[in-house]
Amino acid sequence: MFFVVGDRDRLIEQYPRNQVWAEIGVYRGDFSQKVVDICKPAEYYLIDNWTFEIKDHNPFPDEAENFGGFSSKIHWQHFGDDPVATQEHNYQHVTSRFAKNAEVKIVRANSIDGIKSLPDRHFDIMYVDANHQYEYVLRDMMEARTKLKPGGIMQMNDFYEGPGGADQNLGVMGAVNTFVKRYDFHYIAMSFGAYSDVILAEDPTSPLVMQFLENLNNSNLTFFGMSEALVPNIRYKAYRKKDGSERYLPMF
Ligand SMILES: C[S@@+](CC[C@H](N)C(=O)[O-])C[C@H]1O[C@@H](n2cnc3c(N)ncnc32)[C@H](O)[C@@H]1O
């Protein structure tokens, strides 16, 4: 597993061009735009339901640590006071943003139905970034796995546990750690910083993985190898700087 001192944009720069991509959880398409511009996908499916239901984000409304105190204002900085209207607007935004991109196919559906509707064993890279609770992430990954080509890659956003995790009931790190053990996947690389991306593959020697690693090796990025056994134990700590801002450090 290679720990790359750079953000997720630096990771996707290492993929070969003209791959078949899907992104599960699109929001306003800002990351999708980067994939289009940097990776030049041959096909790119964007799946999102572009709606918002509080029950999908708060399994235990009486539990103050898991969103209880937010009472329907979860992520209000992203979704505002009227999340359904905001999401409708986001959908229109993504539709017009990629209207001229013939390679982009927009699927408005919940993640499971959307992934199920995709062709089997068709995708080189599946980027999973929808609901971040453990059960949702795990199920998205289980469905996405059947859509990967042999040798394909799954990339996950918000692979993080530390301060702030409780606010979102963040379950990505837990779900990924479960998934890799159940399905014998391997950690290939992850980005630096809080709310990292992590790249996984069932076959760590596939041509796509080898090309990614060769490109990483030929880049000017700093990266280092770490035992896969350490990855599930990574935790982040927040340190306050003199100027009041916080720095998140991964602790191995
Ligand atoms: C974190 S945002 C995605 C951000 C985007 N990948 C990016 O990096 O710019 C999560 C998105 O997932 C979508 N989402 C959450 N749960 C979902 C579900 N069960 N089915 C489909 N989409 C879902 C939300 O509508 C939201 O737009």
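Treat the numbers as computed from the prediction; the structure is a model and nothing was measured.

Rules of the game
- Residues numbered from 1 in each chain as written.
- Predicted model: local features only at pLDDT ≥ 70, side-chain atom pairs only at ≥ 80, totals over all residues.
- Heavy atoms only, no water.
- Helix = DSSP H or I, 4+ residues; strand = E, 2+ residues; numbered from the N terminus.
- Contact = heavy atoms within 4.5 Å.
- Pairing = 2+ DSSP bridges.
- Patch = residues over 30% accessible without salt bridge, like charges linked within 9 Å, V, L, I, M, F, W, Y side chains within 5 Å.
- Areas by Shrake-Rupley, 256 points an atom, 1.4 Å probe, with all protein chains shown as cover.
- Salt bridge = Lys/Arg side-chain N within 4 Å of Asp/Glu carboxyl O.
- Buried < 20%, exposed > 50% of the residue type's maximum accessible area, 1.4 Å probe, protein only.
- Axes fitted to C-alpha atoms, helices over the stretch in contact; angles between N-to-C directions.
- Parallel < 35°, antiparallel > 145°, perpendicular 65-115°, else oblique.
- Left-handed = near helix turned anticlockwise from the far one by under 90°.
- Nonpolar A, V, L, I, M, F, W, Y, C, P; charged D, E, K, R; others polar.

**Q** It is not clear to me how the environment of methionine 1 should be interpreted in this structure. Could you clarify?
**A** Mapped onto the secondary structure, methionine 1 falls in the segment before β1 (2-4). Measuring from C-alpha to C-alpha, the distance between methionine 1 and lysine 55 comes to 36 Å, with 54 residues separating the pair along the chain. For methionine 1, the residues in contact, after removing those within four places along its chain, are Tyr187, Ile188, Ala189, Met190, Phe224, Gly225, Met226, Glu228 and Val231.

**Q** So what exactly am I meant to see when it comes to the pairing of strand β11 (residues 246-251) here?
**A** Each regular strand carries side chains that alternate between the two faces of the sheet. As paired strands, strand β10 (residues 235-240) and β11 are joined by 6 bridges and run antiparallel to one another. Note that in β11 the partner of alanine 238 across the bridge is tyrosine 248. As consecutive antiparallel partners, β10 and β11 are separated by 5 residues, and within that stretch glycine 244 has a phi angle of approximately 95°, a positive value.

**Q** It is not clear to me how a nonpolar patch on the surface should be interpreted in this structure. Could you clarify?
**A** Taken together, Val5, Phe192, Phe224, Leu230, Tyr239, Leu249, Met251 and Phe252 make up a surface patch of nonpolar side chains, about 650 Å² in accessible area. Summarising the element assignment, phenylalanine 224 is placed in strand β9 (residues 223-225). Note on phenylalanine 224: relative accessible area 36%, which makes it partly exposed.

**Q** I tried to follow the packing of helix α6 (residues 134-145) against helix α8 (residues 172-183) on my own but got confused; where do I start?
**A** Between two packed helices, both the angle of their axes relative to each other and the distance between the axes serve to describe the pair. It is at 8 Å that the axes of α6 and α8 come closest, and there the two elements cross at 40°. By the angle class used here, α6 and α8 are oblique. Between α6 and α8 lies a crossing of right-handed hand. Here α6 contributes Tyr134, Val137, Leu138, Met141, Met142 and Arg145 to the contact with α8, which in turn contributes Val172, Gly174, Ala175, Val176, Thr178, Phe179, Arg182 and Tyr183. Taken together, the residues that form the contact of α6 with α8 break down as 10 nonpolar, 2 polar and 2 charged.

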